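# Topology and contacts: notes
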Amino acid sequence: MNRRSRFIEAASRGKILANKCAKCGHSTLETTYFCEKCSSDIFTTEEYDGLGNVVTFTIQSVAPEGFTDAGSYAWVVFRVDGTTFNVSGFLKDIRAPSDLPIGSKVQVTGFDEKHGLLLKRV
Ligand SMILES: [Zn+2]
């Protein structure tokens with residue numbers, strides 16, 4: 001399996017795959033190819049629970065073409081628990097900022113070819 005397939009397979013189990021740099025120990029998303037810190041390309045794979053706190057988000061109330069099945073939704077950036085990196089995903093049924101206070105807990109529920117990571121509030 002390539003990196004993308006592995007990432008998607010993990011997401012379908014509610015997990016986030018990350019690369020831990022073998023050289024400096026810095027963790028980044030599985031989809032990166034070089035360490036942000038030291039540019040090494042030797043990693044070990046780590047699996048995290050796809051749980052985290054909302055850092056920021058953007059509400060899309062008018063769904064662009066291809067997203068018409070989704071209605072009102074938010075692109076959410078969240079900090080994965082136990083890590084120092086942020087992941088973005090897709091959360092349905094968010095209509096106003098008050099629907100999703102910063103710091104809300106979200107969980108990965110799967111991966112959609114069109115939307116990317118799918119999230120739910122927990
Ligand atoms: Zn490194």
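Starting from 1, residues in each chain are numbered consecutively following that chain's sequence as written. With pLDDT at 70 or above as the cut-off, local features in this predicted model cover only qualifying residues; side-chain atom pairs require 80 or more to be listed or tallied, and sums for whole chains, interfaces and linings still use all residues. Just so you know, side-chain values use all the structure's heavy atoms and leave hydrogens and water out.

In this section: the confidence of the model for the protein. Looking at the protein as a whole, the pLDDT averages 89, with 93% of positions reaching at least 70. The pLDDT value tells you how sure the predictor is about a given residue, anywhere from 0 up to 100. Secondary structure is summarised from DSSP: a helix means a run of H or I of at least four residues, a strand means a run of E of at least two, and numbering begins at the N terminus for each. The spread of mean pLDDT over the elements of the protein runs between strand 2 (residues 27-29), the lowest at 82, and strand 7 (residues 105-112), the highest at 96.

Every protein donor of the zinc ion is listed here as Cys-21 (SG), Cys-24 (SG), Cys-35 (SG) and Cys-38 (SG), and their distances to the metal cover 2.3 Å. Metal-coordinating donors are taken as N, O and S atoms lying within 2.8 Å of the metal, or within 3.2 Å when the metal is Na, K or Ca; because water is left out, some sites can appear incomplete. Only four donors with every angle between 85 and 135 degrees are called tetrahedral; only four or six donors with opposite donors over 155 degrees apart and all others between 65 and 115 are called square planar or octahedral, in that order; all others are irregular. Its 4 donor atoms give the zinc ion angles of 102 to 115° at the centre, a pattern that matches the tetrahedral case. In the primary structure, the donors to the zinc ion are separated according to the pattern C-x2-C-x10-C-x2-C. Using a 1.4 Å probe on the protein chains alone, a residue whose accessible area is under 20% of its type maximum counts as buried, one over 50% counts as exposed, and one in between counts as partly exposed. Overall, Cys-21 belongs to the buried group, its relative accessible area being 4%. On the basis of relative accessibility, which here comes to 41%, the residue Cys-24 falls in the partly exposed class.

In this section: the packing of aromatic side chains. Aromatic rings from Phe, Tyr and Trp, with only the six-membered ring used for Trp, were paired whenever their centres fell within 6.5 Å, and each pair was classed as stacked if the ring planes differed by under 30 degrees, edge-to-face if by over 60, and tilted otherwise. According to the stated counting rule, one finds 5 aromatic pairs in the structure shown. Ring geometry for Tyr-48 against Phe-85: centres 5.9 Å apart, planes inclined by 75°, an arrangement best described as edge-to-face. With Tyr-48 in strand 3 (residues 43-49) and Phe-85 in the loop between strand 5 (73-80) and strand 6 (86-92), this residue pair connects regions lying 37 residues apart in the sequence. Pair check on accessibility: Tyr-48 and Phe-85 agree, each one buried. One aromatic cluster is present, formed by Tyr-73, Trp-75 and Phe-90 through successive ring pairs.

Strand pairing is assigned whenever DSSP identifies at least 2 bridges connecting the two strands. Bridge count for strand 5 against strand 6 is 7 bridges, and the pairing is antiparallel. What sits directly across from Phe-78, in strand 6, is Val-87. Linking two consecutive strands that pair antiparallel, namely strand 5 and strand 6, is a turn of 5 residues; a positive phi of about 80° is found at Gly-82 within it. Relative to strand 8 (residues 116-121), strand 6 runs parallel, the two being bridged by 2 bridges. Residue Leu-91 lies in a different strand from strand 8, and its bridge partner there is Leu-119.

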